[in-house]
Amino acid sequence: MTSIDAFFDGLGRNGSDERLVKVSGSVRFDIRDDRGVRHRRLDIDHGRLRVTEDDGPATTVITLSEQTAVAMVAGGMNGLAAIARGEIMVDGDLALALRIGRLFPAPVTAAGRQGGGAA
C-alpha cells in the first residue's frame, strides 16, 4: 500500500471530519504516474466523507503527479503553492479544492513551524 492509498483509506475509515461540516461536493483526484492515471473520489456531505476509486464526474477535479501527491500526503508540500507553480491543476470549484486542503498535513516551514496545507 502506498502512502497515497493509506491517506485516502484513512479518510474513508474516519468517515467524517468536523472541519468540513459546512462543505458539500465531490472532488476527484486524478493522480498520474508512469502506468497511467489512478482516481480517488472524495464525496463530502456536510463533513461526512466517502472515498472511492470512481472516475466519474465531480464538482472539482484535481490533477497531479504521483510525486506531488506523495509530497502532499506527507506534509511536504503546500497545495496552494503547488497550484501557483502549475504542479496541481484544478478544474471546477477552486474554493472546494482549497477547503479540502484542510485534510492534508500542513507542511513544515523553513523555520520549523507548520504552515497551511491547502490543496
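Residues numbered from 1 in each chain as written. Predicted model: local features only at pLDDT ≥ 70, side-chain atom pairs only at ≥ 80, totals over all residues. Heavy atoms only, no water.

Caption draft 1: Representation of the sheet that holds strand β1 (residues 24-33) in the model. One open sheet holds the five strands; their spatial order is β3-β2-β1-β4-β5, and the pairing between them is mixed. Whereas interior strands pair on both sides, the edge strands pair on one side only; in this sheet they are β3 (48-52) and β5 (88-92). Here the strands of the sheet are splayed against their neighbours by 20 degrees on average, with no regard to which way each runs. Pairing of strand β4 (residues 60-65) with β5, which is carried by five bridges, proceeds in the antiparallel orientation. In the strand pairing of β5, Ile-62 is matched with Val-90. (Pairing = 2+ DSSP bridges. Helix = DSSP H or I, 4+ residues; strand = E, 2+ residues; numbered from the N terminus. Axes fitted to C-alpha atoms, helices over the stretch in contact; angles between N-to-C directions.)

Caption draft 2: Up close: the pattern of salt bridges. Applying the stated criterion to the full structure yields 14 salt bridges. When the shortest N-O distance is used, the salt bridge between Arg-19 and Asp-17 registers 2.6 Å. Assessed through its relative accessible area of 14%, Asp-17 is described here as buried. Arg-41 serves as the salt-bridge partner of Asp-43, at 2.9 Å between the closest nitrogen and oxygen. In this pair, the class of Asp-43 matches that of Arg-41, namely buried. In the salt-bridge network here, residues are joined through shared partners; they are Asp-5, Asp-33, Asp-34, Arg-35, Arg-38, Arg-40, Glu-53 and Glu-66. (Salt bridge = Lys/Arg side-chain N within 4 Å of Asp/Glu carboxyl O. Buried < 20%, exposed > 50% of the residue type's maximum accessible area, 1.4 Å probe, protein only.)

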